[in-house]
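Report on the structure
The primary structure of each chain is shown beneath.
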Amino acid sequence: MNLTISGHHLEVTPALREYVTGKLDRITRHFDQVVDVKVLLTVEKQKEKEKRQRAECNIHVKGNDMFAESAHEDLYAAVDDLVDKLDRQVVKHKDRITDHHHSAPKRMM
């Protein structure tokens, strides 16, 4: 899995990088065919303090691309919300590609 974490108007510290990779491990636990993950952490220059910390993520899995974004006043809370959204998308994608049809038992004659 290729993981890219970048910051916009923000320096990505080792603690922040470790926090994001730890949270993204939850996604790879549910679906192991993740090819590429790109995370963008942003601090926007808004006058109001609410929802100026943003986290965006693009995930390329086998057969699909997924995108999620989250905004919060705390960057760690934004990352938590982002991972929750991505986890729901990954689980839904995994259920979609898994064959749920069972073959009918053969009748005895």
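Check the entry above for the structure.
As a starting point, this report considers the structure included with it. It should be emphasised that the depicted structure is a prediction, and the values quoted were computed from it without experimental measurement.

As for the pattern of salt bridges
If you walk through the whole model with that rule in mind, you get eight salt bridges. Between Glu44 and Arg54 there is a salt bridge whose closest N-O contact spans 2.8 Å. Within this pair, whereas Glu44 is found in the loop between strand S2 (34–43) and strand S3 (53–61), its partner Arg54 is found in strand S3, the two being separated by ten residues in sequence. With respect to class, Glu44 is no different from Arg54; both count as buried.

Re the sheet that holds strand S1 (residues 2–8)
If you walk across this open sheet you meet the four strands as S1-S2-S3-S4, and the pairing is mixed. The outermost strands of the open sheet, each flanked by one partner alone, are S1 and strand S4 (64–72). Sheet twist, expressed as the average angle between the axes of neighbouring strands with direction ignored, equals 10 degrees. Of the strand pairs in this sheet, S2 and S3 are connected by nine bridges, and their pairing is antiparallel. Residue pairing for S3: Thr42 is matched across the bridge by Arg54. Across the sheet, helix H1 (residues 14–30) is in contact with S1, S2 and S3; its angle to S2 comes to roughly 140 degrees. Here helix H2 (residues 75–97) sits on the sheet in contact with S2, S3 and S4, set at roughly 155 degrees to S4.

Some remarks on the environment of Phe31
Looking at the secondary structure, you find Phe31 in the loop between H1 and S2. Remark: the alpha-carbon pair of Phe31 and Asp87, spanning 56 residues in sequence, is separated by 9.3 Å. If near-sequence neighbours (up to four positions away) are discounted, Phe31 is found in contact with Val61, Val90, His93, Lys94 and Ile97.

Focus: the packing of aromatic side chains
Under the counting rule described, the total for this entry stands at one aromatic pair. Taking the centre distance of 4.8 Å and the plane angle of 80 degrees together, the rings of Tyr19 and Tyr76 count as edge-to-face. One end of the pair, Tyr19, is in helix H1; the other, Tyr76, is in helix H2, and 57 residues separate them in sequence.

Re the nonpolar core
Counting 24 residues, the largest nonpolar core has Val39, Leu41 and Ile59 as its most contacted members. When residues of this core are traced back to their parent elements, those giving at least two are H1, S2, S3, S4 and H2. If one sorts the elements of this core by residue count, H2 sits on top with seven residues. The residues contacting Leu41, other than those within four sequence positions of it, are Ile5, Ser6, Gly7, His8, Leu10, Leu16, Val20, Arg54, Ala55, Leu75 and Val79.

Some words on the packing of H1 against H2
At their nearest, the axes of H1 and H2 sit 9 Å apart, and the two run at 20 degrees to each other. With respect to H2, the axis of H1 lies roughly parallel. Seen along the crossing, H1 lies across H2 with a hand that is right-handed. Here Ala15, Leu16, Tyr19, Val20, Lys23, Leu24, Arg26, Ile27 and His30 of H1 come into contact with H2, specifically with Leu75, Tyr76, Val79, Asp80, Val83, Asp84, Leu86, Asp87, Val90, Val91 and Lys94. When its residues are assigned to classes, the contact of H1 with H2 shows 13 nonpolar, one polar and six charged.

Criteria and thresholds
- Residues numbered from 1 in each chain as written.
- Predicted model: local features only at pLDDT ≥ 70, side-chain atom pairs only at ≥ 80, totals over all residues.
- Heavy atoms only, no water.
- Salt bridge = Lys/Arg side-chain N within 4 Å of Asp/Glu carboxyl O.
- Helix = DSSP H or I, 4+ residues; strand = E, 2+ residues; numbered from the N terminus.
- Buried < 20%, exposed > 50% of the residue type's maximum accessible area, 1.4 Å probe, protein only.
- Pairing = 2+ DSSP bridges.
- Axes fitted to C-alpha atoms, helices over the stretch in contact; angles between N-to-C directions.
- Contact = heavy atoms within 4.5 Å.
- Phe/Tyr/Trp six-rings, centres within 6.5 Å; stacked < 30°, edge-to-face > 60°.
- Core = buried A, V, L, I, M, F, W, Y, C linked by side-chain atoms within 4.5 Å.
- Parallel < 35°, antiparallel > 145°, perpendicular 65-115°, else oblique.
- Left-handed = near helix turned anticlockwise from the far one by under 90°.
- Nonpolar A, V, L, I, M, F, W, Y, C, P; charged D, E, K, R; others polar.

Note that every value here comes from positions in space, so none of it alone points to a role or purpose.
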